Amino acid sequence: MDTADEGELVRRIARGDRRAFDELYRRTAPWLEVRLRRRCADPDLVAEVLQDTYLTVWRAAGSFAGRGGGGARGSAVGWLWTIAAHHLVDAFRRRARRAQRPQVPLMPATAPAAEDEVMAARVGQELEQALLTLPAEVRAALRATVLDGLSSREASVLLGVPENTVKSRVRRARIALREALS
């Protein structure tokens with residue numbers, strides 16, 4: 001088993017070889033986890049993506065083995081990374097969809113003062129109006145990083161733009177909001 005390359009292990013997995021799966025996992029999981037952690041700071045999300053990735057490998061090994069398992073079409077490790085990257089993007093999308101669901105507000109223990117309610121409503125309206133003046137792509141970058149809590153790298157994957165573009169859009173949004181609210 002130690003002499004088989006990763007492509008051979010995937011072909012064995014396609015035939016239902018559990019030992020080959022264990023060996024592939026032993027060889028590739030540490031490396032794959034490091035690559036995922038570079039793209040996502042949430043260890044729970046990384047663990048979920050790793051689990052989904054290897055479940056997909058077990059179920060879909062025949063699709064790799066049917067391609068000849070390498071050469072011009074790619075290596076087994078490249079195939080594994082492609083699966084993991086797709087699962088990571090899917091996880092970011094699920095997280096963003098969950099964040100967009102309206103939260104049920106909890107009733108405060110004490111009622112706020114009338115002055116506080118008026119000021120909060122006024123500031124909220126001003127902020128809402130200022131947000132509406134931002135271009136849609138700038139608003140999306142701000143929402144992903146501030147409201148959804150994604151890093152610039154995660155937001156870039158989610159929005160399909162380079163990381164530096166996300167950073168510049170967020171900076172533009174903050175400058176515009178600061179000017180509108182001052």
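Here the residue numbering is sequential within each chain, running from 1 through the sequence in written order. Given that the model is predicted, a residue must reach a pLDDT of at least 70 before its local features are reported, and side-chain atom pairs must reach 80 or more before they are shown or counted; all residues, however, enter totals for whole chains, interfaces and linings. Water and hydrogen atoms play no part in the side-chain values, which are based on all heavy atoms of the structure.

Enquirer: Let's hear about the overall build of the protein chain: which residues, and what values?
Expert: What the protein chain contains, in helices and strands, is 8 helices and 0 strands. Working definition: with a 1.4 Å probe on protein chains only, accessible area under 20% of the residue-type maximum means buried, over 50% means exposed, and in between means partly exposed. Across the 182 residues in the protein chain, those meeting the buried criterion constitute 30%. When checking whether two residues touch, look at their non-hydrogen atoms; a contact exists if any pair is within 4.5 Å. Counting only contacts in the protein chain whose residues sit at least 6 apart along the sequence, the fraction spanning at least 24 positions is 59%. Residue burial considers only the protein chains on display, and all accessible areas are found by Shrake-Rupley using a 1.4 Å probe. About 11600 Å² of surface is accessible on the protein chain, with carbon and sulfur atoms providing 53% of the total. Secondary structure elements follow DSSP: runs of H or I of four or more residues count as helices, runs of E of two or more count as strands, with numbering from the N terminus.

Enquirer: Before we move on, could you go through the packing of helix H6 (residues 136–147) against helix H8 (residues 163–181) and cite the residues and values that matter?
Expert: Interaxial angles span 0 to 180 degrees and are taken between N-to-C directions of axes, which are lines fitted to C-alpha atoms, for helices over the stretch in contact. It is at 8 Å that the axes of H6 and H8 come closest, and there the two elements cross at 100 degrees. Accordingly, the angle class assigned to the pair H6 and H8 is roughly perpendicular. Contacts between H6 and H8 involve Glu-137, Val-138, Ala-141, Leu-142, Thr-145 and Val-146 from the former and Val-166, Arg-169, Val-170, Arg-172, Ala-173, Arg-174 and Leu-177 from the latter. Residues that form the contact of H6 with H8 fall into these classes: 8 nonpolar, 1 polar and 4 charged. Relative orientations are named as follows: roughly parallel for angles under 35 degrees, roughly antiparallel for angles over 145 degrees, roughly perpendicular for angles from 65 to 115 degrees, and oblique for any other angle. In this classification, Asp, Glu, Lys and Arg are treated as charged, Ala, Val, Leu, Ile, Met, Phe, Trp, Tyr, Cys and Pro as nonpolar, and every other residue, Gly included, as polar.

Enquirer: A description of the packing of aromatic side chains should follow, citing residues and the corresponding values.
Expert: The relative placement of two aromatic rings is captured by the distance of their centres and the angle of their planes. Any pair of Phe, Tyr and Trp rings, taking the six-membered ring for Trp, is counted once the centres come within 6.5 Å. Such a pair is stacked with planes under 30 degrees apart, edge-to-face with planes over 60 apart, and tilted for the rest. Under the criterion given, the structure shown has 4 aromatic pairs. Aromatic side chains Phe-21 and Tyr-54 sit 6.2 Å apart centroid to centroid with 85 degrees between the ring planes, which places their arrangement in the edge-to-face category. A residue pair is termed long-range when its members are at least 10 positions apart, and Phe-21 in helix H2 (residues 18–39) and Tyr-54 in helix H3 (residues 43–65) qualify at 33 residues. As far as the burial class goes, Phe-21 and Tyr-54 line up, both buried. Between the aromatic rings of Tyr-25 and Tyr-54, the centroid separation amounts to 4.8 Å while the plane-to-plane angle is 70 degrees, which identifies the pairing as edge-to-face. In this pair, Tyr-25 is assigned in helix H2 and Tyr-54 in helix H3, connecting sequence segments 29 residues apart. In this structure Tyr-54 comes out as buried when scored by relative accessible area, which is 4%.

Enquirer: Describe the pattern of salt bridges, with residues and values.
Expert: Should a side-chain nitrogen of Lys or Arg be within 4 Å of a carboxyl oxygen of Asp or Glu, the pair is scored as a salt bridge. Applying the stated criterion across every chain yields a total of 14 salt bridges. Between Arg-11 and Glu-8 there is a salt bridge, with the nearest N and O atoms lying 3.5 Å from each other. Of this pair, Arg-11 and Glu-8 are both found in helix H1 (residues 6–14), 3 residues apart, which corresponds to roughly one turn of the helix. A relative accessible area of 22% places Arg-11 in the partly exposed class. Two residues, Glu-23 and Arg-27, come together in a salt bridge whose shortest N-O distance is 2.9 Å. Residue Glu-23 and its partner Arg-27 are located together in helix H2, separated by 4 residues, close to a single helical turn. On the accessibility criterion, Glu-23 (9% relative accessible area) is buried.

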